Amino acid sequence: MYLTSSEEKMLNGENGTTLQKAIEILVALGDIYGAESLIPVKNTQIAGVSYKTIGDAGLEWISDLKGKVKVPSILNPAGMDLINWQNMNIEDNFAQKQLEIIRAYEKLGICTQCTCTPYYLDNFDVKYGDHLAWSESSAVSYANSVIGARTNREGGPSALAAALVGKTANYGYHLDEYRVPNIHINVDFPINGSDYGALGYITGKIVGSGVPLFTFVSHPSNAELKALGAAMAASGAVALYHVQNVTMEAIKSQFTLPEEHINIEQQQIKDIYISETEKLEILDIITIGCPHCSFEEMQLISTLLHGKQIKKELWIYTSRHIANKYPHIIHDIEKSGAKVICDTCMVVSPATDGYNSMMVNSGKALAYVPGMCGVRTMFGNIYKCIEEALK
Ligand code: F3S
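Bear in mind the structure is a predicted one, so any value in this text is a computation, not a measurement.

A. Inspection of the state of the cysteines at higher detail. For the coordinates displayed, the defined rule picks out zero disulfides. With no disulfide of its own, Cys293 lies 9.6 Å from the sulfur of Cys116, the closest cysteine sulfur.

Shown next as structure tokens:
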């Protein structure tokens, strides 16, 4: 891989061991994937924040790093709400370790907002064609597919390395040839809302790490595309997809339909939803906000809960940015007894691990909660989720 003289110096340790370690990671990845050079990135999003997932070894690794990041960088959800963690059954020891992790990232100059939807932040600019180094899989999918920016699915360490160096290895989804769709997914019946999460759950298993091109009779909103991409990234490893006549890159590039073709049947979508009433008898928590809720989603939840009191636990996850910007919505939701939780989620926090069964409206949560939290998981649309919380 070609390196400039300043990159060579960094690799030789002339700028300190942190930068040396960081560029070593980027060069190793570049060599494995055949990158010709490094390219500058506009910003980074760094996973590996929850103490539940990185433990003491991760904390030690981050704490040993010195210096400051070169480009705006933001964190993925942590293991708890960083302010109201007492409100979510978090043990003291866990909280102290989690706060240490956050401080270690902060020392490196990283914005300690912890969210998988950084594209909702007013001051975290991402545009079509930008090169990024993001690591949370749903955020990667949204950046690549909905915004048309360019990022590989970075690991936590490689995103952090890119943040410190301000560059990433130029391979994969940074290059035009890897962004061409290779499988056509046709959905010839109308779908809406969480159906897109269900579709993503089904499609991810079929396409693995492919680049699907969807044709729909419905016109998905950005929130629906968010749900589709998040689920495909979890049940499969899809980091980029296109939707004919909808996503910007599909419109600009006018891709021809790939030869490999799959028709999704309506029954496949229906099968993802909860149907056995006996399962509902043991339902004890409902969670919404995977990926973190947008303002519009919070507004809908607030309307559905207006003037009502919940009977089961209802936890709603959003970014601190959204919560701070729209305090009246948070207040309205919390009047019902529901909890609005920031900085974390139902998957990366241990807070919901003790529940028996959870209802979610997210295909990604459906894919991850059973394995990562040991909680039985059911799928319902947002209306069903709220209805169950009120029963
Ligand atoms: Fe975000 Fe957690 Fe879901 S990180 S995409 S809310 S699993």
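Further notes follow.
B. Geometry of the sheet that holds strand β11 (residues 285–293). Sheet architecture is open: five strands sit in the order β13-β12-β11-β14-β15, paired in parallel fashion. Unpaired on one side and paired on the other, β13 (339–342) and β15 (376–379) mark the two borders of the sheet. Direction aside, the axes of adjacent strands within the sheet are offset by 25° on average. Pairing analysis gives four bridges linking strand β14 (residues 357–360) to β15, with the strands arranged parallel. Residue pairing across strands places Ser357 opposite Arg376, the latter belonging to β15.

C. Representation of the side chain of Ser362. Along the chain, Ser362 turns up in the loop between β14 and α15 (363–373). A polar contact of 3.1 Å, which involves the side chain of Ser362, links it to the backbone nitrogen of Lys364. Those residues in contact with Ser362, other than ones at most four positions away along the chain, are Cys290 and Phe379.

D. Spotlight on the side chain of Asn152. Tracing the backbone through its elements, the reader meets Asn152 in the loop between α5 (137–147) and α6 (156–165). From its side chain, Asn152 meets the backbone nitrogen of Tyr173 in a polar contact 2.8 Å long. Once residues within four sequence positions are removed from consideration, Asn152 is found in contact with Trp134, Val140, Ala169, Tyr171, Gly172, Tyr173 and His174.

E. Looking closely at the pattern of salt bridges. Applying the stated criterion across every chain, the model contains 17 salt bridges. Here Asp122 makes a salt bridge to Lys325, at a shortest N to O gap of 3.1 Å. Residue Asp122 is located in the loop between β4 (111–114) and β5 (133–134), and its partner Lys325 is located in helix α13 (residues 320–325); the two are separated by 203 residues in the primary sequence. What makes Asp122 exposed here is its relative accessible area of 57%. For Lys325, a relative accessible area of 38% corresponds to the partly exposed category. The salt bridge involving Asp343 is made with Arg320; its shortest N-O contact spans 2.6 Å. Here Arg320 lies in helix α13 and Asp343 lies in the loop between β13 and β14, a separation of 23 residues in the sequence. Neither Asp343 nor Arg320 differs from the other in exposure class; each is buried. Through salt bridges with shared partners, a single network forms among Lys312, Lys384, Glu387, Glu388 and Lys391.

F. Spatial organisation of a positive patch on the surface. On the surface, Lys21, Lys66, Lys68 and Lys107 cluster together into a positively charged patch. Mapped onto the fold, Lys21 is located in helix α2 (residues 17–33).

G. Looking closely at the packing of aromatic side chains. Under the criterion given, the structure shown has 11 aromatic pairs. Centroid distance Tyr33 to Tyr171: 4.7 Å. Interplanar angle 5°. Geometry classified as stacked. In this pair, Tyr33 is assigned in helix α2 and Tyr171 in the loop between β6 (167–169) and β7 (183–187), connecting sequence segments 138 residues apart. Taking the ring centre of Tyr128 as reference, the NZ or CZ of Lys252 above it sits at 4.4 Å.

What counts, and at which threshold
- Residues numbered from 1 in each chain as written.
- Predicted model: local features only at pLDDT ≥ 70, side-chain atom pairs only at ≥ 80, totals over all residues.
- Heavy atoms only, no water.
- Disulfide = S-S within 2.5 Å.
- Pairing = 2+ DSSP bridges.
- Helix = DSSP H or I, 4+ residues; strand = E, 2+ residues; numbered from the N terminus.
- Axes fitted to C-alpha atoms, helices over the stretch in contact; angles between N-to-C directions.
- Polar contact = N/O pair within 3.5 Å; in protein donor to acceptor, adjacent residues only side chain to side chain.
- Contact = heavy atoms within 4.5 Å.
- Salt bridge = Lys/Arg side-chain N within 4 Å of Asp/Glu carboxyl O.
- Buried < 20%, exposed > 50% of the residue type's maximum accessible area, 1.4 Å probe, protein only.
- Patch = residues over 30% accessible without salt bridge, like charges linked within 9 Å, V, L, I, M, F, W, Y side chains within 5 Å.
- Areas by Shrake-Rupley, 256 points an atom, 1.4 Å probe, with all protein chains shown as cover.
- Lys, Arg positive; Asp, Glu negative; His and termini not counted.
- Charge placed at Lys NZ, Arg CZ, Asp CG, Glu CD.
- Phe/Tyr/Trp six-rings, centres within 6.5 Å; stacked < 30°, edge-to-face > 60°.
- Lys NZ or Arg CZ within 6 Å of the ring centre and 35° of its normal.

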